[in-house]
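One-letter residues, chain by chain:
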Amino acid sequence: MNERIGIFGGSFNPVHTGHIRAAQSFLDSGFIQKLWVLPAAEPPHKPGEKLEPFHHRAEMLRIAFQNLTEVDVVELEKNLPKPSYTLQTFQNLKQHFPDRTFYLCIGSDTLASFTTWHRYRELLDLTELLVAERPGSVQREVPNEILEQVHFVKHDPVAISSTDIRKTDLNEKTEEDIHKKGSEPDRTTLTKEVAEYIRKNNLYRVER
């Protein structure tokens with residue numbers, strides 16, 4: 001059986017509920033049967049960003065996705081050459097899993113800048129793209145050679161970024177501050193378990 005697997009990569013610094021919702025949208029799309037989440041060891045598009053150690057980011061992913069049985073956290077890029085180019089990741093996947101079909105899962109903001117990716121045309125020879133966003137939202141900015149490889153996935157995006165989360169010293173916030181739900185799910189930024197892990201391990205300290 002040709003298993004169809006989505007590849008959802010990123011620095012996940014840290015993983016937040018926007019990532020979890022996107023993962024669920026990819027799984028609900030019908031294109032894939034499983035989703036592999038790959039933390040980047042050294043993301044090439046974020047030079048100078050302070051990354052928490054790889055093992056912490058991978059563990060937070062396992063905690064965040066523990067209730068999604070179709071999701072596996074795969075530490076493949078830890079052992080590949082740096083920086084963590086997506087092309088070499090897919091070359092490795094195709095080499096070791098030739099009987100599986102892999103889809104690259106990204107957001108619409110990433111699609112808009114896809115032409116800046118390392119040897120993106122070679123990457124498109126290896127995979128099609130699942131894009132979590134409403135169809136038509138960024139199509140005018142994307143060349144046809146890329147759009148021909150795109151499947152838009154129904155998705156209700158969350159206005160959350162890991163960058164904004166890191167600007168707040170989570171170790172100085174109470175659980176109520178970090179995990180504000182209010183009346184809308186979109187207000188949640190981190191799962192309770194991930195927030196607890198961050199505090200326990202003294203991560204994302206803000207320099208004063």
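Please refer to the structure placed before this passage.
1. Thoughts on the pattern of salt bridges
Opposite charge on two side chains permits them to pair, given that their charged atoms come into close proximity.
Consideration 1: Going through the model one piece at a time under the given rule, you end up with nine salt bridges.
Consideration 2: For Arg100, the salt bridge goes to Glu3, with nearest N and O atoms at 3.9 Å. One end of the pair, Arg100, is in the loop between helix H3 (86-96) and strand S4 (101-107); the other, Glu3, is in the segment before strand S1 (4-10), and 97 residues separate them in sequence.
Consideration 3: With relative accessibility at 25%, the residue Arg100 sits in the partly exposed group.

2. Here's the deal with the nonpolar core
Consideration 1: Phe8, Phe26, Leu35 and Phe65 are the most contacted members of the largest nonpolar core, which has 34 residues in total.
Consideration 2: At the level of secondary structure, the elements contributing two or more residues to this core comprise helix H1 (17-28), strand S2 (34-39), helix H2 (54-64), strand S3 (71-73), S4, strand S5 (128-132) and helix H9 (192-200).
Consideration 3: Here this core gets five residues from one element, more than from any other, and that element is H1.

3. Structural notes on the packing of aromatic side chains
Consideration 1: Per the stated rule, a full pass over the model turns up eight aromatic pairs.
Consideration 2: Here the aromatic rings of Phe8 and Phe12 are separated by 5.4 Å at their centres, their planes lie at 90°, and the arrangement is edge-to-face.
Consideration 3: On the numbers, 6.0 Å between centres and 75° between planes, the contact of Phe114 with Tyr120 is edge-to-face.
Consideration 4: Aromatic ring contacts, followed pair by pair, group Phe8, Phe12 and Phe26 into a single cluster.

4. With respect to the packing of H2 against H9
Consideration 1: At a minimum axis distance of 8 Å, the contact between H2 and H9 shows a crossing angle of 155°. On the basis of the axis angle, H2 is roughly antiparallel to H9. Note that H2 runs across H9; the crossing there is right-handed. Seen from H2, the contacting residues are His56, Glu59, Met60, Ile63 and Ala64; seen from H9, they are Glu193, Val194, Tyr197 and Ile198.
Consideration 2: In the contact of H2 with H9, the residues fall into six nonpolar, one polar and two charged.

5. Description of the environment of Pro14
Consideration 1: By the secondary structure assignment, Pro14 is in the loop between S1 and H1.
Consideration 2: Using a relative accessible area of 0% as the deciding quantity, one classes Pro14 as buried.
Consideration 3: C-alpha separation for the pair Pro14 and Arg166, spaced 152 residues apart in sequence, amounts to 7.9 Å.
Consideration 4: Pro14 has contacts with His19, Met60, Ser162, Ile165, Arg166, Leu190, Ile198 and Tyr204, leaving out every residue within four places of it along the chain.

6. Some words on the sheet that holds S2
Consideration 1: Overall, parallel pairing links the six strands, which are arranged S3-S2-S1-S4-S5-S6 in an open sheet. In this open sheet, the two strands that pair with only one neighbour each are S3 and strand S6 (150-153). Taking the axes of each pair of neighbouring strands and ignoring which way they run, one obtains an average angle of 30° across the sheet.
Consideration 2: Two strands pair when backbone bridges link them, and S1 and S4 are joined in this way by four bridges, in the parallel orientation. Along S4, the bridge assignment pairs Ile7 with Leu104.
Consideration 3: Relative to the sheet, H3 contacts S1, S2 and S4, its axis offset from that of S4 by approximately 155°.

Rules used in this analysis
Residues numbered from 1 in each chain as written. Predicted model: local features only at pLDDT ≥ 70, side-chain atom pairs only at ≥ 80, totals over all residues. Heavy atoms only, no water. Salt bridge = Lys/Arg side-chain N within 4 Å of Asp/Glu carboxyl O. Helix = DSSP H or I, 4+ residues; strand = E, 2+ residues; numbered from the N terminus. Buried < 20%, exposed > 50% of the residue type's maximum accessible area, 1.4 Å probe, protein only. Core = buried A, V, L, I, M, F, W, Y, C linked by side-chain atoms within 4.5 Å. Phe/Tyr/Trp six-rings, centres within 6.5 Å; stacked < 30°, edge-to-face > 60°. Axes fitted to C-alpha atoms, helices over the stretch in contact; angles between N-to-C directions. Parallel < 35°, antiparallel > 145°, perpendicular 65-115°, else oblique. Left-handed = near helix turned anticlockwise from the far one by under 90°. Contact = heavy atoms within 4.5 Å. Nonpolar A, V, L, I, M, F, W, Y, C, P; charged D, E, K, R; others polar. Pairing = 2+ DSSP bridges.

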